[in-house]
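Here are the chains, one letter per residue:
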Amino acid sequence: MATARLENVTKRYPGHLAVDRINLSIEDGEFLVLVGPSGCGKSTTLRMIAGLEHVTEGNIWVGDRRVNDVSPRDRDVAMVFQNYALYPHMNVFMNLSYSLRLRRVPRERIETLVNQVAATLDLSPLLNRKPVQLSGGQRQRVALGRAIIREPKLFLMDEPLSNLDAKLRVQTRTEITRLQRRLGVTTVYVTHDQSEAMTMGSRIAVMNDGKILQIAVPRDLYRNPANSFVAEFVGTPPMNLLSVRLDRSGSVDRLTGGGVRIPCPESAVEALEAVGQGFRVGFRPEDAVISGSNTGAGFFGQVVAVEDLGHEALVTVSAGNAQFIARLPPARAEQIRHGQRIAFGVEPSKLRFFDGRKGAAVAFPLDESLEPVRRHGSCPL
Amino acid sequence: MTEVRNTPIFENVVPRISRAAGKLAIAATAVFLCSIGVFPFYWMFVTSIRPSTEIFEFPPRVLPSADSVFSPYLTLFEETDLAQWLLNSTGVSAATAFFACLFGAMAAYALSRFRFSGRETSQVVLLMTQMFPAILLALPMFVFFSRLGLLNSLFGLSLAYLAFLIPVAAVLLKAFFDAIPVELEEASLIDGASRIGTLFRITLPLSLPGLASTFLFCFIISWDEFLFARMFIRQPDNWTVSLGLASFSGEFVTPWDQVMAAATIITLPVAVIFLALQRYLVRGLTSGGVKG
């Protein structure tokens, strides 16, 4: 077990900056998820920690040791690859024991350890099989076993679930999280799947274009995204975003844009004036309030789609040039018809603002007394 | 289902017959194509045991003669240096194939796994070496080898073959190394192996089929080679089998039974090696390790 630290780490390929001065501190026993779209530099970052890629600039520390020039074998890290990378000419026993044999661990000790790990991962009956004779899920477990048998300082996982089918993925997700908690090994986990990141990570670092945009616990990331990219990347469906400007001409300050007018929370006015005219307003689908009549807290729109997912329903509303998605309990959505004209509003304290050009979140004092998260639970229709 | 049961018998039988006929046609084609390949070898053997009086009979008889004789085989070993030539050829071919694989593998590994300047160029150059006809290079090489005192030596001949075969082996093996996922090596490096350790524990075992076919290819090329052997080797003691075989055709008479007997014997070692290595020639060893 150990901490890991990345200091201004940069990876430059000829004509391409893959990772741009990232700083990251991974706590002892933490499950940190690196998430981002493909090509954002998350795998490159992981491979630099593993020692498979050379660091162009900056420092990587594992524990209190600078490992920039340490070869992968001496870093005491274990990695699970996306395609498992099981040695095809060795059976499961040999795959699991490979690292131990290289370290000249005594034969009896190897057998004990392999049997322990095999029992943990339900691999005991498969020890004599070759990888080609295993199912996708079994291969995945062998790959995990090969990593945990070494009791390394650091676990590195590069999209280990992306080759599994949907059902197995959810199951293995839980297994990996449980295993990590039990072993308490510091883990860096790379994925492009934000729902995987949200469910597994104790902290999440969102990356894009080689930069870390935000590091936060899942709930914070969801509630208070640091910029519009994170707001759109995290959450299914993503945060509703609309380019607006502040209109102070009426009796109430309003946000107008795309033919829509939304009342502006008073506490945000000062901060928004400082930003200037170009900014975006955002809110989560579950923070939308839908009702039959306009109560003054929103605007009218037309329902263009109702998607009932069983446990929740997504209602797409078109207003002006913009479209918004609201998340409702299915019972409430049943009464909403396609093409219906409805009032669409947002609890002001749930609005988030982003700089129109840079996308950075605009900070303003939040009124925390307005606690209700799922407003639609009590909204009349 | 009832409809199927009620259909007249011939509707069920006809497709079955046509399927069987299809299989039969495929089998017949396969046998025919194989026989085209095998027939020369058969003819070679049958001719070698035919009494010399019957060899030029017309029309030729396909089946072996009732008076088959094996004396040409004995004559060969008693009256010619065939045994010595076989020994020479085996030595030259085995050494050439071994070193071509060894050095070819090193070059191929570097080309497949490392990024360095001149990588693309060296690959093109490797292919370009195969562009020139052998006779074009034979003369300058002859001069060169004679200066170095390497003429008339099997070592020199092997060296000449290596000059041709290392690039071929490198190109062939590079394709095999490329097919081995690099993650396997990375996993091994992280698991605690050195680069050399990874090469011997992971890469080479997985490229056995490639190594075997490359070895076989180089072996056969050197075994069959005639032009360079003819130019470089003068003393009959150092002849390879192809030179020995050519020496049978005399100015006035060619003992065809002996030529065919010698040809049969010369073919055997290659066939044996092929059978020994064919297990490795079957691809598919790397499947299953990574999910593609």
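Residues numbered from 1 in each chain as written. Chains lettered and ligands numbered in written order. Predicted model: local features only at pLDDT ≥ 70, side-chain atom pairs only at ≥ 80, totals over all residues.

Here we look at the overall build of chain B
Rules: A helix here means a DSSP run of H or I that spans at least four residues, while a strand means a run of E at least two residues long, and both kinds are numbered starting from the N terminus. Here the globule rule reads 2.2 Å times residues to the power 0.38, and the radius of gyration is calculated from C-alpha atoms.
For chain B, the helix and strand inventory stands at 13 helices and 0 strands. Listing each helix as α and each strand as β along chain B from the N terminus yields α-α-α-α-α-α-α-α-α-α-α-α-α. Computed over C-alpha atoms, the radius of gyration of chain B comes to 26 Å, more than 25% over the 19 Å expected from 2.2 N^0.38 for 292 residues, which places it beyond the range of a compact globule. Along the longest, intermediate and shortest principal axes, the C-alpha atoms of chain B span 80 × 65 × 30 Å.

Quick look at the overall build of chain A
Spelled out, the test is: With C-beta atoms placed from the backbone, the exposure class of a residue follows from how many other C-beta atoms lie within 10 Å of its own: 20 or more, buried; 12 or fewer, exposed; in between, partly exposed. A pair of residues counts as a contact when their C-beta atoms, built from backbone coordinates, are separated by no more than 7 Å.
A tally of helices and strands in chain A yields 10 helices and 20 strands. C-alpha atoms of chain A, sized along the principal axes, occupy 80 × 45 × 40 Å. For chain A, the residues scored as buried account for 42% of the 381 residues in total. Within chain A, residue pairs in contact and separated by at least 24 positions form 66% of the contacts whose partners lie at least 6 positions apart.

Digging into the interface of chain A and chain B
Interface size, as often reported, equals the accessible area lost upon joining of the parts. The condition is simple: Under this grouping Gly is polar, as are all residues other than the nonpolar Ala, Val, Leu, Ile, Met, Phe, Trp, Tyr, Cys and Pro and the charged Asp, Glu, Lys and Arg.
Taken together, the 25 residues of chain A in the interface contact 22 residues of chain B. Elements that contribute at least two residues to the side of chain A that touches chain B include exactly strand 6 (77-80), helix 2 (92-102) and helix 4 (136-148) of chain A. Residues of the side of chain A that touches chain B, tallied by class, amount to 16 nonpolar, 5 polar and 4 charged.

Description of the sheet that holds strand 10 (residues 211-216) of chain A
All names here are of chain A. As a reminder, the rule being used: One requirement defines pairing of two strands: DSSP has to find at least two bridges between them. Only C-alpha atoms enter the line fits that serve as axes; for helices the fit covers just the stretch in contact. Angles between N-to-C directions range over 0 to 180 degrees.
An order of 6-7-8-3-9-10 is seen for the 6 strands of this open sheet, with the pairing classed as mixed. With partners counted over all chains shown, the strands left at the sheet margins are strand 6 and strand 10, one partner each. Neighbour to neighbour, the strand axes of the sheet diverge by 20° on average, direction disregarded. For strand 6 and strand 7 (residues 154-158), the ladder comprises 4 bridges, and the chain directions are parallel. Bridge assignment links valine 77 to a residue of strand 7, and that residue is leucine 154.

Quick notes on the domain arrangement of chain A
Residue and element names in this part refer to chain A. The condition is simple: Segmentation into domains, and thus their bounds, comes from an automatic or database assignment.
Under the domain assignment, chain A is made up of domain 1 (4-228) and domain 2 (239-377). Tallying the contact residues gives 4 residues for domain 1 and 9 residues for domain 2. Here the side of domain 1 that touches domain 2 is built from residues that sort into 2 nonpolar, 2 polar and no charged.

Some points on the pairing of strand 18 (residues 322-328) of chain A
All names here are of chain A. Bridge count for strand 17 (residues 313-319) against strand 18 is 7 bridges, and the pairing is antiparallel. Its bridge partner lying in strand 18, valine 315 is registered against alanine 326. Counted along the chain from strand 17 to the antiparallel partner strand 18, the turn is 2 residues long, and its residue glycine 320 has a positive phi close to 60°.

Side note on the sheet that holds strand 17 of chain A
Residues and elements named next belong to chain A. The strand order 15-19-16-17-18 describes an open sheet built from 5 strands, whose pairing is antiparallel. Each edge of the sheet is formed by a strand with only one pairing partner; in this case those strands are strand 15 (288-291) and strand 18. Adjacent strand axes in the sheet meet at a mean angle of 45° when their direction is disregarded. Two strands pair when backbone bridges link them, and strand 15 and strand 19 (residues 341-346) are joined in this way by 4 bridges, in the antiparallel orientation. Along strand 19, the bridge assignment pairs alanine 288 with valine 346.

A closer look at the nonpolar core
The condition that has to hold: To form a nonpolar core, buried Ala, Val, Leu, Ile, Met, Phe, Trp, Tyr and Cys residues must be joined through C-beta atoms within 7 Å.
With 157 residues, the main nonpolar core has Met79 and Leu156 of chain A as its most contacted residues. Looking at this core element by element, the count peaks at 14 residues for helix 7 (residues 154-179) of chain B. Once residues within four sequence positions are removed from consideration, leucine 156 of chain A is found in contact with Leu46, Ile49, Ala50, Val77, Ala78, Met79 and Val188 of chain A.

Concerning the packing of helix 7 of chain B against helix 10 (residues 208-224) of chain B
Residue and element names in this part refer to chain B. Selection criterion: For classification purposes, angles smaller than 35 degrees are called roughly parallel, those larger than 145 roughly antiparallel, those between 65 and 115 roughly perpendicular, and all remaining angles oblique. We call a crossing left-handed when the near helix sits turned anticlockwise from the far one by less than a right angle, and right-handed when that turn is clockwise.
With their axes 10 Å apart at the nearest point, helix 7 and helix 10 run at an angle of 155° to one another. The orientation of helix 7 with respect to helix 10, classified from their angle, is roughly antiparallel. Where helix 7 crosses over helix 10, the handedness of that crossing is right-handed. Contact residues: Tyr161, Leu165, Ala169, Leu172, Leu173 and Phe176 in helix 7; Gly210, Thr214, Phe217, Cys218, Ile221 and Ser222 in helix 10. Across the contact of helix 7 with helix 10, the residue classes break down as 9 nonpolar, 3 polar and no charged.

A closer look at the domain arrangement of chain B
Residue and element names in this part refer to chain B. We note that the domain assignment places domain 1 (2-54) and domain 2 (73-281) within chain B. Taken together, the contact pairs 7 residues of domain 1 with 7 residues of domain 2. Class assignment for the residues of the side of domain 1 that touches domain 2 results in 3 nonpolar, 3 polar and 1 charged.

Some points on the environment of glutamate 7 of chain A
Within the secondary structure, glutamate 7 of chain A sits in strand 1 (residues 4-13). Apart from the residues lying within four places of it in its own chain, the contact partners of glutamate 7 of chain A are Asn23, Gly58 and Asn59 of chain A.

Some words on the confidence of the model for chain B
Residue and element names in this part refer to chain B. Heads up, the rule is: For every residue, the pLDDT score states the predictor's confidence, bounded by 0 at the bottom and 100 at the top.
Across chain B, the average pLDDT comes to 86, with 92% of residues at 70 or higher. Ranking the elements of chain B by mean pLDDT puts helix 1 (residues 2-6) last with 51 and helix 8 (residues 182-191) first with 94. Across the interfaces of the predicted complex, the ipTM metric reaches 0.83, alongside a pTM of 0.78.

Examining helix 9 (residues 195-206) of chain B
Residues and elements named next belong to chain B. Using the following cut-off: How far a helix is expected to stretch is found by multiplying one less than its residue total by 1.5 Å. This arc is built from the directions going out from the helix axis to the C-beta atoms.
An ideal rise of 1.5 Å per residue puts 16 Å on 12 residues; helix 9 measures up with 15 Å between its terminal C-alpha atoms. Taken residue by residue, helix 9 has Thr198, Arg201, Ile202, Thr203 and Leu206 as its buried positions. On an axial view of helix 9, the arc spanned by its buried residues comes to 150°, and they lie on one face. Away from the buried face of helix 9 by more than 90 degrees, exposed residues Ile196 and Phe200 are located. Where helix 9 is buried, its residues meet helix 7 and helix 8.

Comments concerning the packing of helix 2 of chain A against helix 3 (residues 107-120) of chain A
All names here are of chain A. Relative to each other, helix 2 and helix 3 sit at 130°, their axes nearing to 10 Å. Put simply, helix 2 runs oblique to helix 3. The way helix 2 lies across helix 3 gives a crossing that is right-handed. Each of Phe93, Leu96, Ser97, Leu100 and Arg101 in helix 2 lies in contact with helix 3, whose residues at this interface are Ile110, Leu113, Val114, Val117 and Ala118.

What to know about the environment of methionine 44 of chain B
Residue and element names in this part refer to chain B. For methionine 44, the location among the structural elements is in helix 2 (residues 9-48). Sequence spacing of methionine 44 and valine 259 is 215 residues, and the spatial spacing of their C-alpha atoms is 9.0 Å. Ignoring anything within four residues of it in the chain, the contact list for methionine 44 reads Met260, Ala263 and Thr264.

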